Amino acid sequence: MADIIWEEPFCAEGSACFRLGTDRDGNGYIAIAGAEDDHLTDSRDALRRMILDIKAGKADHLL
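Attention here is on the structure that accompanies the text. Per-chain numbering applies: the sequence of each chain, read as written, is numbered from 1 onward. Side-chain atom pairs in this predicted model are given and counted only at pLDDT of 80 or more, local residue features only at pLDDT of at least 70, and totals for whole chains, interfaces and linings cover all residues. Here the side-chain values reflect all heavy atoms present in the structure, with hydrogen atoms and water set aside.

1. Overview of the sheet that holds strand β1 (residues 5-6)
Then comes step 1: Pairing within the open sheet is antiparallel, and its 4 strands lie in the order β1-β2-β3-β4. In this open sheet, the two strands that pair with only one neighbour each are β1 and β4 (40-43).
Then comes step 2: Across 4 bridges, the pairing between strand β3 (residues 27-32) and β4 is antiparallel. Opposite Gly 28, over in β4, you have Asp 42 as the bridge partner. For two strands to pair, DSSP has to find at least two bridges joining them. Numbered from the N terminus, helices here are DSSP runs of H or I no shorter than four residues, and strands are runs of E no shorter than two.

Shown next as structure tokens:
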């Protein structure tokens, strides 16, 4: 298993905190803070695209 470098948690009021991470092999990870062993994995490029799409408003319908 690759060594994951986790960022500080992203937390909102009254909700779970999420963590993003990457490894040296070019993978991206998303997990709930405190449950990093149970994460979603995809390429770093896929993680980058998801973040850019969220910033562009493509997930606003979920709010």
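2. What about the layout of surface pockets?
Then comes step 1: A cavity here means a set of 1 Å grid points, computed over protein atoms only, where a 1.4 Å probe fits but cannot escape. A pocket is an open set with protein on both sides within 12 Å along at least 5 of 7 lines, and lining residues have an atom within 4 Å of a point. Grid points are joined across faces, edges and corners, and a volume is the space filled by probe spheres set on the points. Considering only enclosed or pocket space, the largest pocket measures out at about 230 Å³ in volume.
Then comes step 2: Looking at the largest pocket, the residues that line it are Phe 10, Phe 18, Leu 20, Ile 30, Met 50, Ile 51, Ile 54 and Lys 55.
Then comes step 3: When residues of the lining of the largest pocket are traced back to their parent elements, those giving at least two are β2 (18-22) and α1 (44-55).
Then comes step 4: Examining the composition of the lining of the largest pocket, we find that 4 residues originate from one element, α1, more than from any other.
Then comes step 5: Taken together, the residues of the lining of the largest pocket sort by class into 7 nonpolar, no polar and 1 charged. Gly counts as polar in this scheme, as do all residues outside two lists: the nonpolar Ala, Val, Leu, Ile, Met, Phe, Trp, Tyr, Cys and Pro, and the charged Asp, Glu, Lys and Arg.

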